[in-house]
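One letter stands for each residue in the lines below.
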Amino acid sequence: MAPSLLESSLSSDGLCAKDVRPGIKSQSRFIRPPVSLNKRSVFPKGLIMPTRLSRFPVLRLFSGLIVLLAFLGPMTTTDATEKPNIIVFLVDDMGPMDTSVPFLTDQQGNAKRYPLNDYYRTPAMERLAAQGTRLNNFYAMSVCSPTRTSILTGQNAARHRVTQWIRSEGNNKGPFGPPDWNWTGFQDAKRTLPGRLKTAGYRTIFIGKAHFGPNDEPSEFPDNLGFDVNIAGCSWGQPGSYYGQDGYGHIKGNKRRAVPHLQKYHGTETFLTEALTVEAKQQIDKAVEDGKPFFLDLALYALHAPFHSNPRYAANYAESGKGKAAQAYATLVESMDTCLNEVMDHVQAKGIARDTLIIFLGDNGSDAPLGPTHQHNSSFPLRAKKGTHYEGGMRAPFIAAWAKPDPNNQWQQKLPIAQGAIQHQLGSVMDLYPTILNLAGVAVPKGHIIDGKDLAKQLTGNRNPDRQERFLMHFPHSHRSSYYTVLRLGQWKVIYHYLPNLNPAKTQYELFNLTNDPFEKTNVAKDHPQVLKRMMSEMVEQLQTQGALYPVDQQGNELRPQVPQ
């Protein structure tokens with residue numbers, strides 16, 4: 001069913017049902033937007049001002065001013081043109097190869113296509129990339145909760161200490177994980193990205209997958225973290241079902257992970273991504289009607305498992321020769337792309353495209369069901385997938401573009417994004433915080449340390465001379481790859497294994513020259529002992545500076561990285 005047809009048959013009163021799970025305090029998911037005041041004149045129709053006022057020029061001037069103000073309507077403190085609108089379009093488990101847009105480049109820096117670019121269909125991403133700049137070395141944490149917290153705070157996971165994906169029901173540190181890691185999530189709304197934007201008059205809207213904190217903690221719900229509006233966001237990181245017929249898990253599927261707040265779609269043929277698209281468009285409408293600039297975090301549940309096929313696109317992959325799960329994954333990708341296209345069209349139709357910045361990204365590497373976890377399959381030619389320490393687990397797509405480029409627009413003059421460009425300098429999920437706040441003219445809270453960099457220079461097509469090619473990912477827990485820290489510095493990448501017998505390589509150190517070996521085929525740690533020592537020294541220093549927590553051994557003793565002698 002087309003979303004536009006669905007919208008016309010649904011209630012648009014902005015009310016969401018309250019959460020009724022056992023043991024959870026019922027709370028409203030978002031605040032109804034304030035009712036607009038009547039803009040008719042304060043003088044009733046046909047009323048004639050007393051003629052005697054004409055004898056007194058001052059009174060005549062004053063009364064004329066009253067009429068003028070009444071005609072113009074109520075004055076508001078924030079107008080939509082006073083701040084740019086910002087949409088963060090966050091796709092779950094999307095790697096840089098899960099798209100028809102080529103993010104990888106050849107040795108000359110030109111986009112290079114690989115087979116997966118010809119498998120997936122993402123014309124809206126192509127449209128967005130043509131209007132803006134994509135980063136081909138964009139890094140995220142290897143699992144979702146750490147990345148999402150880094151977007152909220154601008155901090156590295158080593159600093160905010162949400163270093164593992166958060167289990168709704170309790171602490172999942174793993175057998176040797178740090179006992180004091182931040183498993184309850186970041187909870188200071190005054191320091192979050194939406195919390196800061198809210199102080200500047202933004203309507204802050206969250207739609208989709210949250211996964212910021214566990215059950216019964218304030219971080220469980222986005223409206224406790226600076227968002228005015230929360231639709232479908234809660235503690236879990238996957239949907240009970242993608243099908244409206246299943247009630248997204250309420251009727252059929254994994255009921256422990258049923259998506260909240262979407263009851264009006266239950267029993268319909270509305271795919272989950274389509275329902276979130278409708279909700280996003282309605283919230284944009286409300287913000288525009290109320291004259292409010294908006295920050296929309298549209299965080300899709302897709303592409304996360306379960307890999308449910310969207311029948312609307314299934315035929316496109318039926319003859320691909322790939323397995324059923326891989327075909328279903330491709331329909332999730334195409335559904336996501338349709339959502340992006342509809343959002344871009346909608347802001348254009350509302351007349352706000354020139355004032356709207358769209359930042360598109362994934363939250364970690366791909367989870368495409370295409371072969372073994374640590375090999376060159378799911379993200380080919382990159383190695384491995386989500387949850388690992390190789391590039392396929394850490395790299396994500398990133399595109400920034402104005403919804404309608406216009407060099408005469410005041411906001412685009414402040415942030416003139418190069419069109420159809422590829423930026424090779426490194427970027428990361430920590431960069432959204434300073435980039436967005438600086439564009440909106442909002443200060444970082446006093447005492448709040450950020451690790452990200454403003455991407456403004458890079459998005460104009462230039463390099464940022466003040467930025468190192470540096471990214472640290474700290475994962476002191478068990479997952480597909482377990483108990484490790486990664487440091488990318490320039491052309492080198494080192495991986496330290498705290499418990500080497502628990503990793504496939506069965507070694508403490510892995511070292512790769514990403515210039516010569518971008519797909520991590522050869523560990524050269526033994527061939528470059530001085531480079532290894534320097535990289536490990538840099539890693540140790542950064543972990544200490546950011547206050548990282550470490551794994552422990554069976555006796556509970558802390559395990560810290562060792563610099564080889």
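Participant: How should the packing of helix α8 (residues 272-289) against helix α9 (residues 324-349) be read in this particular structure?
Facilitator: Relative placement of two packed helices is described by the angle separating their axes and the distance separating the axes. At a closest axis distance of 10 Å, the pairing of α8 and α9 adopts a crossing angle of 15°. The angle between α8 and α9 falls in the class roughly parallel. Viewed along their axes, α8 and α9 form a crossing whose handedness is right-handed. For the pair formed by α8 and α9, the contact residues are Thr273, Thr277, Lys281, Ile284 and Asp285 on the first element and Ser335, Met336, Cys339, Glu342, His346 and Val347 on the second. Partitioning the contact of α8 with α9 into residue classes produces 4 nonpolar, 4 polar and 3 charged.

Participant: Would you mind showing me how to read the sheet that holds strand β13 (residues 492-497) here?
Facilitator: Across a sheet, paired strands are connected by hydrogen bonds in the backbone, their directions being either parallel or antiparallel. Pairing is antiparallel in the open sheet, where 4 strands are placed in the order β11-β12-β13-β14. Edge positions in the sheet fall to β11 (470-475) and β14 (509-513), since each of these pairs with one other strand and no more. The average angle at which neighbouring strand axes cross in this sheet is 10°, direction not considered. For strand β12 (residues 484-489) and β13, the ladder comprises 6 bridges, and the chain directions are antiparallel. Paired with leucine 487 across the bridge in β13 is valine 494.

Participant: Before we go on, may I ask you to explain the pattern of salt bridges in this structure?
Facilitator: Side chains that carry opposite charge are capable of pairing whenever their charged atoms lie near each other. Taken as a whole, this structure holds 25 salt bridges when the rule is applied. Residues arginine 312 and glutamate 274 are paired through a salt bridge, measuring 3.0 Å at the closest nitrogen-oxygen approach. Of this pair, arginine 312 sits in the loop between β6 (294-300) and α9 while glutamate 274 sits in helix α8, and the two are 38 residues apart along the sequence. Where salt bridges share partners, they join Asp92, Arg148, Lys209 and Asp363 into one cluster.

Participant: Sorry if this is basic, but what is going on with the pairing of strand β8 (residues 398-402) here?
Facilitator: Two faces, one strand: in a regular strand the side chains alternate between the faces of the sheet. Most of β8 sits out of view: 5 of its 5 residues are buried. Examined bridge by bridge, strand β7 (residues 356-362) and β8 share 5 bridges and lie antiparallel to one another. Paired with leucine 357 across the two strands is tryptophan 402, which belongs to β8.

Participant: In this structure, what is going on with the side chain of histidine 477? I would like to understand it.
Facilitator: Tracing the backbone through its elements, the reader meets histidine 477 in the loop between β11 and β12. Leave out the neighbours within four places in its chain, and histidine 477 touches Thr163, Gln164, Lys173, Gly177, Pro178, Trp181, Ser482 and Tyr483.

Participant: Sorry if this is basic, but what is going on with the packing of helix α4 (residues 123-131) against α9 here?
Facilitator: Between α4 and α9, whose axes approach to 7 Å, the crossing angle comes to 50°. Here α9 runs oblique to α4, going by the angle between their axes. Each of Pro123, Ala124, Met125, Arg127, Leu128 and Gln131 in α4 lies in contact with α9, whose residues at this interface are Met336, Asp337, Leu340, Asn341, Met344 and Asp345. Grouping the amino acids of the contact of α4 with α9 by side-chain chemistry returns 7 nonpolar, 2 polar and 3 charged.

Participant: Please explain unusual backbone geometry as it appears in this structure.
Facilitator: What you tend to see is this: most non-glycine residues have negative phi, and most peptide bonds are trans. Residue alanine 302 is joined to leucine 303 through a cis peptide bond whose omega torsion reads 20°. In this fold, leucine 303 is placed in the loop between β6 and α9. The residue after phenylalanine 380, namely proline 381, is reached through a cis peptide bond having omega 10°. Take proline 381: it is sitting in the loop between β7 and α10 (391-394). Here the phi dihedral of aspartate 93 falls at roughly 60°; this positive angle occurs in a residue that is not glycine. Examined against the element boundaries, aspartate 93 turns out to sit in the loop between β1 (85-91) and α3 (115-119).

Participant: What am I meant to see in the packing of aromatic side chains here?
Facilitator: Working definition: an aromatic ring pair is given by the centre-to-centre distance plus the angle between the planes. Inspection of every chain in the model, using the stated rule, returns 19 aromatic pairs. Both rings, one in phenylalanine 227 and one in phenylalanine 295, keep their centres 6.2 Å apart while their planes meet at 20°; by these two values the pair is stacked. Taken together, the residues span a long stretch of sequence, with phenylalanine 227 in the loop between β4 (203-208) and β5 (229-231) and phenylalanine 295 in strand β6 at a distance of 68 residues. By relative accessible area, which is 2% here, phenylalanine 227 ends up buried.

How each quantity is defined
Residues numbered from 1 in each chain as written. Predicted model: local features only at pLDDT ≥ 70, side-chain atom pairs only at ≥ 80, totals over all residues. Heavy atoms only, no water. Axes fitted to C-alpha atoms, helices over the stretch in contact; angles between N-to-C directions. Helix = DSSP H or I, 4+ residues; strand = E, 2+ residues; numbered from the N terminus. Parallel < 35°, antiparallel > 145°, perpendicular 65-115°, else oblique. Left-handed = near helix turned anticlockwise from the far one by under 90°. Contact = heavy atoms within 4.5 Å. Nonpolar A, V, L, I, M, F, W, Y, C, P; charged D, E, K, R; others polar. Pairing = 2+ DSSP bridges. Salt bridge = Lys/Arg side-chain N within 4 Å of Asp/Glu carboxyl O. Buried < 20%, exposed > 50% of the residue type's maximum accessible area, 1.4 Å probe, protein only. Phe/Tyr/Trp six-rings, centres within 6.5 Å; stacked < 30°, edge-to-face > 60°.

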